[in-house]
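# Observations on chain architecture
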Amino acid sequence: MDIRKPISSQGGDSILKFLDLWKKQASVLKQKFGVAIEEIRMPLDDLTDVPIVYVQKDSIISILKFLKEDSEFEYRFLADITATDEESEPRFELVYNLFSHQNRCRIRVKVRVRESDAVATAVSVWEGANWAEREVYDMFGIRFDGHPDLRRILMDHRWVGYPLRKDYPLRGYQMFVDSEPVNLSLLEQDK
Amino acid sequence: MMNEDFKRSSFSLPPGYAVEHDPDDLWGDSRVIVNIGPTHPAMHGALRMIAQLNGETIEKSYCEFGFTHRAKEKLGENRTYHNYIVYTDRLNYCSALINNVAYAMAVERLMGIEVPERCVWLRMICCELSRIMDHLICIGINAVDLGAFSFFLYGFHQREEAYTLIEKLCGARLTTSYTRIGGLMADAPDGFERELKAWVGRTRKVVQEMDELLTGNKIWHLRTVGVGVFNKENCFEYSYSGPNARAAGVDMDLRRDQPYLFYKNVEFDVPICQNGDVFDRYMVRLLEIQQSLNILSQCADKMKKGPIWAEDKRVRIPDKDVVYNTMEGMIHHFKFFMKGFEVPPGEAYTQVEAANGELGFYIVSKGGSHAHRMRIRGPSVWHYQGLSKMVEGEKIQDMVAALGSINVIAGELDR
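Residues numbered from 1 in each chain as written. Chains lettered and ligands numbered in written order. Predicted model: local features only at pLDDT ≥ 70, side-chain atom pairs only at ≥ 80, totals over all residues. Heavy atoms only, no water.

This part covers the overall build of chain B. Scanning chain B for helices and strands turns up 17 helices and eight strands. Scaling as 2.2 N^0.38, a compact globule of 415 residues should have a C-alpha radius of gyration of about 22 Å, and chain B matches this with 23 Å. Along the first, second and third principal axes, the C-alpha atoms of chain B reach 80 × 45 × 30 Å. Here chain B holds 415 residues, and 64% of them are scored as buried. For chain B, contacts bridging at least 24 residues in sequence account for 71% of all contacts bridging at least 6. A total of about 15,000 Å² of accessible surface is found on chain B, and carbon and sulfur atoms cover 54% of it. (Helix = DSSP H or I, 4+ residues; strand = E, 2+ residues; numbered from the N terminus. Rg over C-alpha atoms; globule rule 2.2 N^0.38 Å. Buried < 20%, exposed > 50% of the residue type's maximum accessible area, 1.4 Å probe, protein only. Contact = heavy atoms within 4.5 Å. Areas by Shrake-Rupley, 256 points an atom, 1.4 Å probe, with all protein chains shown as cover.)

Quick look at the interface of chain B and chain A now. Listed per partner, the contact involves 72 residues of chain B and 69 residues of chain A. Our count for the contact surface shared by chain B and chain A stands at 12 salt bridges. Looking at the side of chain B that touches chain A residue by residue, the class counts come to 31 nonpolar, 14 polar and 27 charged. (Salt bridge = Lys/Arg side-chain N within 4 Å of Asp/Glu carboxyl O. Nonpolar A, V, L, I, M, F, W, Y, C, P; charged D, E, K, R; others polar.)

A separate point is the packing of helix H3 (residues 96-111) of chain B against helix H4 (residues 117-145) of chain B. All names here are of chain B. Two elements in contact, H3 and H4, have axes whose closest approach is 8 Å; the angle formed by their N-to-C orientations is 145°. Taken as a pair, H3 and H4 cross one another with a handedness that is left-handed. Contact residues: H3 offers Leu-97, Ile-98, Val-101, Ala-104, Met-105 and Glu-108, while H4 offers Arg-123, Cys-126, Cys-127, Ser-130 and Arg-131. Grouping the amino acids of the contact of H3 with H4 by side-chain chemistry returns seven nonpolar, one polar and three charged. (Axes fitted to C-alpha atoms, helices over the stretch in contact; angles between N-to-C directions. Left-handed = near helix turned anticlockwise from the far one by under 90°.)

Bringing the packing of aromatic side chains into the picture now. Counted under the stated rule, the structure contains 27 aromatic pairs over all chains. Between the aromatic rings of Phe-92 of chain A and Phe-140 of chain A, the centroid separation amounts to 6.0 Å while the plane-to-plane angle is 80°, which identifies the pairing as edge-to-face. One end of the pair, Phe-92 of chain A, is in strand E4 (residues 92-99); the other, Phe-140 of chain A, is in helix H3 (residues 129-140), with 48 residues separating them in the sequence. Overall, the relative accessible area of 2% leaves Phe-140 of chain A in the buried class. In textbook terms, an aromatic cluster arises when at least three aromatic residues are bridged by ring pairs, as seen for Phe-33, Phe-66, Phe-73 and Tyr-75 of chain A. Across from the ring centre of Phe-236 of chain B, 3.7 Å away, lies the NZ or CZ of Arg-76 of chain A, which sits over that ring. The ring of Tyr-54 of chain A has Arg-112 of chain A sitting right over it, with the charged end atom 4.0 Å from the ring centre. (Phe/Tyr/Trp six-rings, centres within 6.5 Å; stacked < 30°, edge-to-face > 60°. Lys NZ or Arg CZ within 6 Å of the ring centre and 35° of its normal.)

Here we come to unusual backbone geometry. Residue and element names in this part refer to chain A. The omega torsion across Glu-89 and Pro-90 is -5°, close enough to zero to call that bond cis. Looking at the element boundaries, Pro-90 is found in the loop between strand E3 (77-85) and E4. In this structure, Glu-87 is a non-glycine residue whose phi angle is positive, near 55°. In this structure, Glu-87 sits in the loop between E3 and E4.

Here we take up the pattern of salt bridges. All names here are of chain B. Using the criterion set out here, one finds 52 salt bridges over all chains in the structure. Across the pair Arg-415 and Glu-73 runs a salt bridge, and its minimum N-O distance is 3.0 Å. Of this pair, Arg-415 sits in the segment after helix H17 (410-414) while Glu-73 sits in helix H1 (residues 72-76), and the two are 342 residues apart along the sequence. Assessed through its relative accessible area of 5%, Glu-73 is described here as buried. Overlapping salt bridges bring together Glu-128, Arg-131, Arg-246, Asp-253, Arg-255, Glu-288 and Glu-353 as one network.

Moving on, we get to the confidence of the model for chain B. This prediction gives chain B a mean pLDDT of 86; 93% of its residues lie at or above 70. Predicted confidence is poor over residues 1-10 of chain B, with pLDDT under 50, and the contacts of this stretch with residues over four places away or in other chains come to 19 contacts. (pLDDT = per-residue confidence, 0-100.)

What follows is the structure, given as structure tokens:
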């Protein structure tokens, strides 16, 4: 009894309903992007609820753009950007959760990222990716190339360490008594 | 539309009440930088905006948050799945039950547990009751922020009664912790359905009154129509979901698009507005309350007696008489609460239509009693992100209206 068992009160039939569509989409992706698609994990075969598409770090933006704009795929709703610490090499997996309004199904795109790597920002695809990427940077220390405003978001800007890394302790204190000044550069008008 | 006298399309602003900016209002080149919040009452005590004003017009602004960050995602990796239920209450504390249900569903998905029918109906009642409470507080507080205090009291009375209903379910009013993995804390008491239906009837009347009080009110129109517009395209760019997206014409409701629980078995409409301003967000919420009331009365009719726990030994909490009277029961109880149960490896993103939009739990399990990664996708983060864009070029007092209308809940925003 694990994730492969469909649960009817959670749209259990949806996996069977979308399986053909996902398989078709997987073959289109493999054909179009070739080696840039490292691996595709399908539900029922693997321990996941929706397909996971592992892509190469350098082609992530072109693939996200294709998934968003292609009329067959139409994964227009960026549900989430997050990351996981895998404690192996490469250390992180960057996760993009997407939803299609048209097909009403979901897909997950993942990128394997080394600790020293920087990933291209998805702000050019979705403006709203801004804060989600800042949070990934804040919590995991993954850097995003070309991000307009890569600062910490939940933690104080003077914080040391990345809290959601697995080697970060659960307890500890960092005290900041004075408040931060207003960041005037953010109020400059766009030229 | 409830109020027959009111026709949205025929409404236009009277001459002299220009929504467009009066150029005389700007102060030339002199700018003022104003820090709003986090302790300002309009910012709900946890949000901060730094705005550059020209006259009263916001030229540019940026938002900060994180003042109530409690490291919930880190705690999710260091608590057992059962222990974590109480942390989900404190996400969106205006509708704690939806968070409980969403979290329980996420873990059940990973474990392949099907809960019995009565449990599903009760969870649906929880979701809709919370949605109504959340919408009542959102439109109520939005009106209070703009000076309409009596409107808020109408809704708040019904909200208190709803809390009393929830108290009958689980003994708590605000931090409910009602769901368990694979079941519920307790069954609904006898006569709960009858009380629920009586409440639905009363609330329907009150919502009608609220509608008559505010929807056609001229001052309310002047403060909300055309204010804080966030159009359909922006909603897609900023991942808006829930009522805020539906107010701009995005036809998306997970209860209908990706049905979960028994939403397939009940009839309801999805209200959609087109303009995406503060007024439409108010209107969508008011109409949604009525739909939720319909769903509630259908649930009360369709719910039958039966078990509330899934027959799964891994997650079933042993009954107290077994725990106190048998050795095996005592050991089972001890192991359950001290060590937790094992969740098989796998990863799932489980989403529900919460009161404010898509609430998702992305759980990665590598086996064991703790999650490897517990990600909470709260809608408030994405809605708050759009605020700076929404209020650019608006008056500073309209920022208060816009912020109230997107219903940013700090607990869910900061996690």
